[in-house]
Amino acid sequence: MSYEDRIREALPHLSPSLRRLAEFLLDSYIEASFLTATELAHALDLDPATVVRFSQRIGYPGYPELQREIRERVQRQLLHTPQPEDGSLAAAADAALQGAVQHLDMVRRGFPVEQAERLLKLLEQSERIWVVADGAARPSAESLTLGLEQAGCAVHLVGSHPWDLSRALAIAEPKHLFLCVACDDESPFAARALAAAREAGIPTAAILAAPSLAAGREAEIVLAMHASPEPALAQLALLAASLTLVRMLARDRPDRVRAGAERAKEIVRLLQAEPERRSRSQERSQDP
């Protein structure tokens, strides 16, 4: 078995510290290939002996043998250029990935930085942000919403159904922002909601997978990506735009983003501790 198969097989039976090490080796294997056992242990706040024991647990004499296999994989990926046979599934996979890379490169080259900077200022000023998304744009909108929440923004994700939009418009105010994330024009309601928001004096913006989408004609600030006729690439462009905005926000307001992330972690700790507290309380109540 490969080192990946061995780690996956062992994962369900590992302690939290060993699981952290296992997940790092799976997800950050390129970085791990350059780290000694001591350096790896330091990066993960573990004892170096833990790294050795883990290597032995999954069938290697020690960490150097495990690392050697990881390095071989990295070398294959960095130095070997695959030449799949024409008409094969491997060729189809390679063509799809090359198409995704090329489209993302076009998105990068044409990314509207000035419009993004305007949008970031508006996000900072808005007391509440209503993120409106159609079905295909939903994953990108969810990613953007999560990033804004971590930055401390008051943000709400709204569906493109007329009832959802009408409820949001009914309580939206001029100090709020209506932000539409659109992948196509299959649903006309998001664009109409932007128009209604503008008529009510509410600032509007749109992040679009193509410049020609209807929402772009209704929004005051428009971030339009390089267009693609393939729905999957349009979704990929929107995800890239959401990631870019969140990274720009983190770069521009690092303290706010850091504080939001710390608040989220603390809430998670409190929520996780609550069942334990209740369990201890129940055990005490059952004592004679």
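Residues numbered from 1 in each chain as written. Predicted model: local features only at pLDDT ≥ 70, side-chain atom pairs only at ≥ 80, totals over all residues. Heavy atoms only, no water.

If you tally the helices and strands in the protein chain, you get 13 helices and five strands. For the protein chain, the C-alpha radius of gyration of 24 Å lies well beyond 19 Å, the compact-globule estimate for 288 residues. Dimensions of the protein chain, computed from the C-alpha atoms along their principal axes, are close to 75 × 70 × 30 Å. Among the 288 residues that make up the protein chain, the fraction classed as buried is 39%. Counting contacts in the protein chain only where the partners sit at least 6 residues apart, residues at least 24 apart contribute 68% of the total. Carbon and sulfur atoms provide 53% of the accessible area of the protein chain, an area that totals close to 17,000 Å². Averaging the positions of the 33 positive and the 40 negative side-chain charges in the protein chain gives two centres separated by 5 Å. (Helix = DSSP H or I, 4+ residues; strand = E, 2+ residues; numbered from the N terminus. Rg over C-alpha atoms; globule rule 2.2 N^0.38 Å. Buried < 20%, exposed > 50% of the residue type's maximum accessible area, 1.4 Å probe, protein only. Contact = heavy atoms within 4.5 Å. Areas by Shrake-Rupley, 256 points an atom, 1.4 Å probe, with all protein chains shown as cover. Lys, Arg positive; Asp, Glu negative; His and termini not counted. Charge placed at Lys NZ, Arg CZ, Asp CG, Glu CD.)

Here we take up the environment of A168. Tracing the chain through its elements places A168 in helix α10 (residues 162-171). Given the relative accessible area of 2%, A168 is considered buried. The residues touching A168, leaving out its near neighbours within four places in the chain, are W130, V158 and F178.

The five strands are arranged β2-β1-β3-β4-β5 in an open sheet whose pairing can be described as parallel. Each end of this open sheet is capped by a strand with a single partner; those strands are β2 (155-158) and β5 (221-224). Strand-to-strand twist across the sheet, computed as the mean angle between neighbouring axes with direction ignored, equals 15°. Sitting on the sheet, helix α9 (residues 138-150) touches β1 (128-133), β2, β3 (176-182) and β4 (204-208), and the angle it makes with β2 is about 170°. Sheet strands touched by helix α12 (residues 231-252): β3, β4 and β5. Its angle to β4, the strand with the most contacts, is close to 130°. (Pairing = 2+ DSSP bridges. Axes fitted to C-alpha atoms, helices over the stretch in contact; angles between N-to-C directions.)

Judged by nonpolar contacts, the single largest core of 34 residues is most densely connected at L119, I129, L179, I207 and L223. Elements with a minimum of two residues in this core: α8 (113-125), β1, α9, β3, β4, β5 and α12. If you tally residues by element for this core, the top one is α12, at seven residues. Excluding its chain neighbours within four sequence positions, the residues that come into contact with L119 are L177, L179, A205, I207, I221, L223 and L245. One finds A22, L44, Y63 and V74 within the second-largest nonpolar core, a separate group that totals 27 residues. (Core = buried A, V, L, I, M, F, W, Y, C linked by side-chain atoms within 4.5 Å.)

As a packed pair, helix α2 (residues 16-27) and helix α5 (residues 48-57) sit with axes 11 Å apart at the nearest point and diverge in direction by 70°. Looking at the two axes, α2 sits roughly perpendicular to α5. Here α2 contributes L18, L21, A22 and L25 to the contact with α5, which in turn contributes T50, V51, F54 and R57. Counted by class, the contact of α2 with α5 contains six nonpolar, one polar and one charged residues. (Parallel < 35°, antiparallel > 145°, perpendicular 65-115°, else oblique. Nonpolar A, V, L, I, M, F, W, Y, C, P; charged D, E, K, R; others polar.)

Mapped onto the elements, H103 comes out in helix α7 (residues 89-110). A distance of 3.4 Å separates a polar atom in the side chain of H103 from the backbone oxygen of H226. When sequence neighbours within four positions are dropped, the list of residues in contact with H103 reads H226, A227, S228, L233 and A237. (Polar contact = N/O pair within 3.5 Å; in protein donor to acceptor, adjacent residues only side chain to side chain.)

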